[in-house]
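One-letter residues, chain by chain:
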Amino acid sequence: MIASCGQWLCDALLDFSNGMCAWLFSLLQIQARSIPHLMEQSDVMGSARTGSGKTLAFLVPAIELLCSSHFLPRNGTGVIVICPTRELAIQTHDVANELMKYHSQTLGHVIGGTNMRSEANQLAKGVNVLVATPGRLLDHLRNTSSFNYKSLKCLIIDEADRILEQNFEEDIKQIFKRLPQDRQTVLFSATQTQEVVDFANFTFRKNEERQRKLVYVGVDDSEIKQGYCVIPSEKRFLVLYAFLRMKVRQKQKDYIVQYDPPDDPKDYIHRVGRTARGNEGKGSALLFLLPEELKLLIRLQAANISLTEYEPSEKKVLKLQSKFEYIVGGNYVLNESAKEAYSSYLLAYNSHSMKDIFDIHRLDLKKVAASFGFKDLPKVSLNLESSASKHRKMRKGAGGRRHGIGPSNPYGRRGGYDRRQLARFRKDM
C-alpha cells in the first residue's frame, strides 16, 4: 500500500516528491494508515499526537483531490483546513505552499490579526485551498459575498481537542450549517476526551445520515522519554542554565523543557508531542516542578502519563546567583524586564485553574524573586485578584495561550510557541 502511493499522485506532487522521494516509500504511521482512505474520499477521524506527520497525511490527499478534479480558481474553494490557532494555521499554510509549488491551484489563509478586506479580495479571486482559524472563517462565511465555497470537496479540522478547549465549538457548528453537506470531512485530535467524542459524533452525524464511509485511524508511534525535576524557586534559573549549557555542549536538540508546568494534562500532551517529530518519533521532555507542585504528578498519572524523576547534580549547577543578581541590578533594561517578568509570572501563576496545586499564597516570593535575579523583593504593583481575572480574559482572547503578556515581556509568547515554557534540546539529563 505504501509503495503504491506514488501511483495515486498527480505529476505536480510527484515533481515535488523528487526532492524527497524516500517519503513515498517510508511513510509515517499516521500517513500510511490514513492516506489510502483519504484518497478514496472516505471520512476519516484520526488520533495522532502533535508532530506525528498528520499535516502531510491530510494535505497530500486533499491537494491530489483538487488536482485530479482539474479545480481552477474560478471554481472557488475546494478544500478548507481549520486550525485552532493563528500560529498553527500559518505553519500549515507554509507546508501546503511547498506541496503546491508546481500546481496551478491557488492557496490562501484567513486568520485573526490580519486585514479582513484584503482577505476578502483574495477570496474573490478564488482560493482553492484555504487554511483558516474558526472565528475568521465564520466572519467571511457571514459577510464576504464574493467567497465562493459552493463547490467545497473537503473540510479538514486539525487539533479538534484544542479547538474545543478554546470554546470554538459553537463557531464550528455555525460553519457546518453554511458549508455544503456533500463533502469529505476529516478530523484529527491529539487527545480523545469525551468532548472530542461528542464533537466527532456531531461532525460525522449518525450512520443513517452519513453519505460516506467513516474510518477511524489511530497511532501511538512515539518514543518520548519523559521526566521531571523538583527545584526550589530560588534555584530554578541556575538549574535551567546548567541544563541548557550541558545540552548545547552535547549538541542535543530534541528536548522539550517545560520551565512552567501546564494548566492541565491535555496541555502537557500537546507540548511534549513536539519533541518527537519526524520519522523516528523519538525525543525527551523535562518538566520543572516546585516542591509545592508535586500533586500535579497525580493528575498526570490519572491521564496515563508517567514521568521519571531526575535529580540535577549539585556540581553542575554553578554558583552564579550573586553574579546573576549583579548583572540584573546593574543594567536598567534588564532590571525593568526582570520586574515585568516577575510580575507576569505571578499573574500567570495566580490564573492557574488547579488552585489546589498552584496556590500563589504558598509561594515564598523572595525566593521567586531570586530566580529573576533579585536579591530583595522588587517594587512592583500587584493586584492579584483583579489582575488574575483580567489575565484569564487575555488568555482566552489569545486563543487559550498562556503568558501573552506583551512584546516587552521576555517571557511572553513570541512567534509560534511560548519561549518561557518551551525550549528545545536533546535527550535526557
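For every chain, the first residue of the written sequence is number 1, and numbering continues from 1 along that sequence. Per-residue local features are limited, in this predicted model, to residues with pLDDT of at least 70; the limit for side-chain atom pairs, both in listing and counting, is 80 or more; totals at the level of whole chains, interfaces and linings are taken over all residues. Computation of side-chain values covers all heavy atoms of the structure but excludes hydrogens and water.

Looking at an unreviewed UniProt entry, one finds the protein named ATP-dependent RNA helicase and attributed to Panicum virgatum. UniProt positions are given in the numbering used here, feature names are shortened, and annotations may be inferred rather than shown by experiment. If you open the UniProt record of the protein and go to Function (unreviewed entry), you find "RNA helicase." Listed under Sequence similarities (unreviewed entry) in UniProt, the entry text for the protein is "Belongs to the DEAD box helicase family."

Asks: Honestly, the overall build of the protein in this entry has me stumped. Any pointers?
Replies: Note on conventions: DSSP H or I runs of at least 4 residues are helices, E runs of at least 2 residues are strands, and numbering of each starts at the N terminus. Along the protein, the regular secondary structure elements total 17 helices and 14 strands. Pairs of residues are marked as contacts when any of their non-hydrogen atoms sit within 4.5 Å. Looking at the protein alone, contacts between residues at least 24 apart form 76% of all its contacts between residues at least 6 apart. Just so you have it, the protein exposes about 20200 Å², and 49% of that area is on carbon and sulfur atoms. For the area figures, the Shrake-Rupley method with a 1.4 Å probe applies, and any residue is considered shielded solely by the protein chains shown.

Asks: Help me understand the packing of aromatic side chains in this model?
Replies: Both the distance between ring centres and the angle between the ring planes are used here to describe each pair of aromatic rings. Stacked, edge-to-face and tilted are the three classes for Phe, Tyr and Trp ring pairs, Trp counted by its six-membered ring, which pair at centre distances within 6.5 Å; planes under 30 degrees apart are stacked, over 60 edge-to-face, the rest tilted. All chains considered together, the criterion is met by 11 aromatic pairs. Considering the side-chain rings of Phe-176 and Phe-202, the 5.7 Å spacing of their centres and the 15 degrees angle between planes classify their relative orientation as stacked. Placement of the pair is Phe-176 in helix H9 (residues 169-178) and Phe-202 in helix H10 (residues 194-204), with a sequence separation of 26 residues. Where Tyr-342 meets Phe-372, the ring centres are 6.0 Å apart and the plane angle is 80 degrees; that geometry is what we call edge-to-face. With a gap of 30 residues between them, Tyr-342 in helix H15 (residues 332-350) and Phe-372 in the loop between helix H16 (365-370) and helix H17 (384-397) connect regions that are remote in the sequence. Burial status follows relative accessibility: with a 1.4 Å probe on protein chains alone, a residue under 20% of its type maximum counts as buried, one over 50% as exposed, and anything between as partly exposed. When its relative accessible area of 3% is taken as the criterion, Tyr-342 is described as buried. For Phe-372, a relative accessible area of 7% gives the class buried. Put simply, the rings of Tyr-342, Tyr-345, Tyr-349, Phe-358, Phe-372 and Phe-374 touch in pairs and so form one group of aromatic residues. Note on criteria: charge over ring means Lys NZ or Arg CZ within 6 Å of the ring centre, with the direction from the centre no more than 35 degrees off the ring normal. The aromatic ring of Phe-176 is capped on one face by Arg-183, whose charged end is 5.2 Å from the ring centroid.

Asks: Hey, could you run me through the side chain of Thr-203 in this one?
Replies: Mapped onto the elements of the fold, Thr-203 is located in helix H10. Note on Thr-203: relative accessible area 5%, which makes it buried. In terms of polar contacts, Thr-203 uses its side chain to reach the backbone carbonyl oxygen of Phe-199, at 2.7 Å. If we ignore the near neighbours within four places in the chain, the residues touching Thr-203 are Ile-157, Phe-176, Thr-185 and Leu-187. N or O atoms closer than or at 3.5 Å make up a polar contact, with two conditions inside protein: a donor-capable atom paired with an acceptor-capable one, and, for residues adjacent in sequence, both atoms drawn from side chains.

Asks: Help me out: how do you make sense of the pairing of strand E4 (residues 129-132) in this one?
Replies: A regular strand carries its side chains on alternate faces of the sheet. Going residue by residue along E4, you find Val-129 and Val-131 tucked away on one face and Leu-130 and Ala-132 tucked away on the opposite face as well. Paired strands, in this sense, are two strands between which DSSP finds at least two bridges. Direction of pairing for strand E2 (residues 79-82) relative to E4: parallel, over a ladder of 4 bridges. Bridging from a neighbouring strand, Val-81 pairs with Val-131 of E4. Judged from the 4 bridges that link them, strand E3 (residues 107-110) and E4 form a sheet pairing that is parallel. Bridging across to E4, His-109 finds its partner in Val-131. A clockwise course of the path from the first strand over the helix to the second, judged with the strands pointing away from the viewer, identifies a crossover as right-handed. Running through helix H6 (residues 116-125), the crossover from E3 to the neighbouring parallel element E4 is right-handed.

Asks: What's the story with the sheet that holds strand E7 (residues 214-218) in this structure? I'm lost.
Replies: Paired through their backbone hydrogen bonds, the strands of a sheet run either parallel or antiparallel. Across the sheet, 7 strands lie side by side as E3-E4-E2-E5-E6-E1-E7; this open sheet has parallel pairing. This sheet does not close on itself; its edge strands, each paired only once, are E3 and E7. Each strand axis lies, on average, 15 degrees off the axis of its neighbour in the sheet, ignoring direction. Relative to strand E6 (residues 184-189), strand E5 (residues 154-157) runs parallel, the two sharing 4 bridges. The residue of E6 that forms the bridge with Cys-154 is Gln-184. All axes are obtained by fitting lines to C-alpha atoms, using only the stretch in contact for helices, and the reported angles, taken between N-to-C directions, cover 0 to 180 degrees.

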